[in-house]
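The lines below spell out each chain.
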Amino acid sequence: MPALAGAGWLADNYLTELQLAATAPATGNDSQEVEYAGRTWQLYSETTSSSEPGMRRVDVWVAVAQSKRDNLPVKERATLLLTGFVGVPQ
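Residues numbered from 1 in each chain as written. Predicted model: local features only at pLDDT ≥ 70, side-chain atom pairs only at ≥ 80, totals over all residues. Heavy atoms only, no water.

**Brief notes about the sheet that holds strand 3 (residues 55-64)**
Cut-off, in case you're wondering: Strand pairing is defined by DSSP finding a minimum of two bridges between the two strands. For the purposes of this entry, the term helix denotes a DSSP run of H or I that reaches at least four residues, the term strand denotes a run of E that reaches at least two, and both are numbered from the N terminus. To get an axis, fit a line to the C-alpha atoms, keeping to the stretch in contact for a helix; angles then go from 0 to 180 degrees between the N-to-C directions.
Judged by pairing direction, the sheet is antiparallel, and its four strands sit side by side in the order 1-2-3-4 without closing on themselves. Strand pairing shows two members of the sheet lacking a second neighbour, strand 1 (28-36) and strand 4 (80-87), which therefore form its edges. For this sheet the average axis-to-axis angle between neighbouring strands, irrespective of direction, equals 25°. As judged from the nine bridges shared by strand 1 and strand 2 (residues 39-49), these two strands associate in the antiparallel manner. Directly across from Gln 32, in strand 2, lies its bridge partner Leu 43.

What follows is the structure, given as C-alpha coordinates:
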(Lines give C-alpha, C1' and ligand atoms only; values in the text may rest on other atoms or scores of the structure.)
Protein backbone atom coordinates (compact mmCIF):
# COMPACT_ATOMS: atom_id res chain seq x y z
CA MET A 1 0.00 0.00 0.00
CA PRO A 2 1.43 3.41 -0.92
CA ALA A 3 2.43 5.53 2.07
CA LEU A 4 0.02 8.35 1.23
CA ALA A 5 -2.98 5.99 1.10
CA GLY A 6 -2.06 4.41 4.45
CA ALA A 7 -1.53 7.81 6.05
CA GLY A 8 -4.91 8.99 4.76
CA TRP A 9 -6.75 6.00 6.22
CA LEU A 10 -5.06 6.44 9.60
CA ALA A 11 -5.77 10.17 9.84
CA ASP A 12 -9.38 9.74 8.76
CA ASN A 13 -9.94 6.89 11.23
CA TYR A 14 -8.40 8.94 14.05
CA LEU A 15 -10.71 11.90 13.38
CA THR A 16 -13.75 9.61 13.06
CA GLU A 17 -12.98 8.02 16.44
CA LEU A 18 -12.81 11.49 18.03
CA GLN A 19 -16.09 12.52 16.39
CA LEU A 20 -17.87 9.37 17.61
CA ALA A 21 -16.47 9.46 21.16
CA ALA A 22 -18.85 10.14 24.05
CA THR A 23 -16.78 13.15 25.13
CA ALA A 24 -14.97 15.75 23.07
CA PRO A 25 -11.17 15.66 23.06
CA ALA A 26 -9.41 18.04 25.39
CA THR A 27 -7.37 20.81 23.84
CA GLY A 28 -3.69 19.96 23.61
CA ASN A 29 -1.40 17.50 21.86
CA ASP A 30 -1.45 13.73 21.49
CA SER A 31 0.93 11.27 19.85
CA GLN A 32 0.76 7.56 19.24
CA GLU A 33 2.24 4.74 17.18
CA VAL A 34 0.01 2.46 15.13
CA GLU A 35 0.71 -0.74 13.20
CA TYR A 36 -1.06 -0.68 9.83
CA ALA A 37 -0.44 -2.29 6.43
CA GLY A 38 2.82 -3.87 7.55
CA ARG A 39 4.32 -0.60 8.77
CA THR A 40 4.66 1.30 12.00
CA TRP A 41 3.19 4.80 11.76
CA GLN A 42 3.33 7.80 14.06
CA LEU A 43 0.36 10.10 14.54
CA TYR A 44 0.64 13.52 16.14
CA SER A 45 -2.43 15.66 16.75
CA GLU A 46 -3.13 19.16 18.03
CA THR A 47 -6.62 19.97 19.30
CA THR A 48 -7.52 23.64 19.65
CA SER A 49 -10.61 25.75 20.20
CA SER A 50 -12.17 27.12 17.05
CA SER A 51 -13.92 30.38 16.28
CA GLU A 52 -17.18 28.43 16.10
CA PRO A 53 -18.72 27.87 19.54
CA GLY A 54 -19.20 24.19 20.26
CA MET A 55 -16.45 23.01 17.89
CA ARG A 56 -12.81 22.06 18.30
CA ARG A 57 -10.27 21.95 15.49
CA VAL A 58 -8.08 18.85 15.22
CA ASP A 59 -4.94 18.76 13.05
CA VAL A 60 -3.47 15.28 12.52
CA TRP A 61 -0.01 14.63 11.07
CA VAL A 62 0.91 11.09 9.99
CA ALA A 63 4.42 9.80 9.25
CA VAL A 64 6.08 6.44 8.81
CA ALA A 65 7.86 5.68 12.09
CA GLN A 66 11.31 7.19 12.26
CA SER A 67 14.49 5.22 12.21
CA LYS A 68 16.87 5.33 15.15
CA ARG A 69 19.02 7.92 13.31
CA ASP A 70 16.17 10.24 12.37
CA ASN A 71 15.04 12.48 15.22
CA LEU A 72 12.90 14.96 13.29
CA PRO A 73 9.45 15.61 14.78
CA VAL A 74 6.44 13.92 13.18
CA LYS A 75 5.18 17.30 11.92
CA GLU A 76 8.37 17.72 9.87
CA ARG A 77 8.39 14.16 8.47
CA ALA A 78 4.64 13.86 7.87
CA THR A 79 3.33 12.25 4.73
CA LEU A 80 -0.06 13.82 5.37
CA LEU A 81 -1.77 16.56 7.38
CA LEU A 82 -5.55 16.29 7.84
CA THR A 83 -7.68 18.92 9.59
CA GLY A 84 -11.14 18.19 10.95
CA PHE A 85 -13.62 19.45 13.49
CA VAL A 86 -15.22 17.78 16.50
CA GLY A 87 -18.40 18.93 18.21
CA VAL A 88 -18.34 19.84 21.89
CA PRO A 89 -21.62 19.19 23.75
CA GLN A 90 -23.06 22.42 25.13
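**With respect to the confidence of the model for the protein**
Put simply, the rule is: On a scale of 0 to 100, pLDDT captures the predictor's confidence in every residue.
Summary statistics for the protein give a mean pLDDT of 90 and a share of 93% for residues scoring 70 or more. Mean pLDDT in the protein bottoms out at helix 1 (residues 3-20), which sits at 90, and peaks at strand 3, which reaches 96.

**Considering the pairing of strand 3**
Inspection of the sheet shows strand 2 paired to strand 3 by nine bridges, in the antiparallel sense. Each bridged residue has a counterpart across the sheet, and for Ser 45 the counterpart in strand 3 is Val 60. In sequence, strand 2 turns back onto strand 3 through a hairpin of five residues, with Gly 54 there showing a positive phi of about 85°. Here strand 3 pairs with strand 4 via eight bridges, running antiparallel. Following the sheet pairing, Val 58 is matched in strand 4 by Gly 84.

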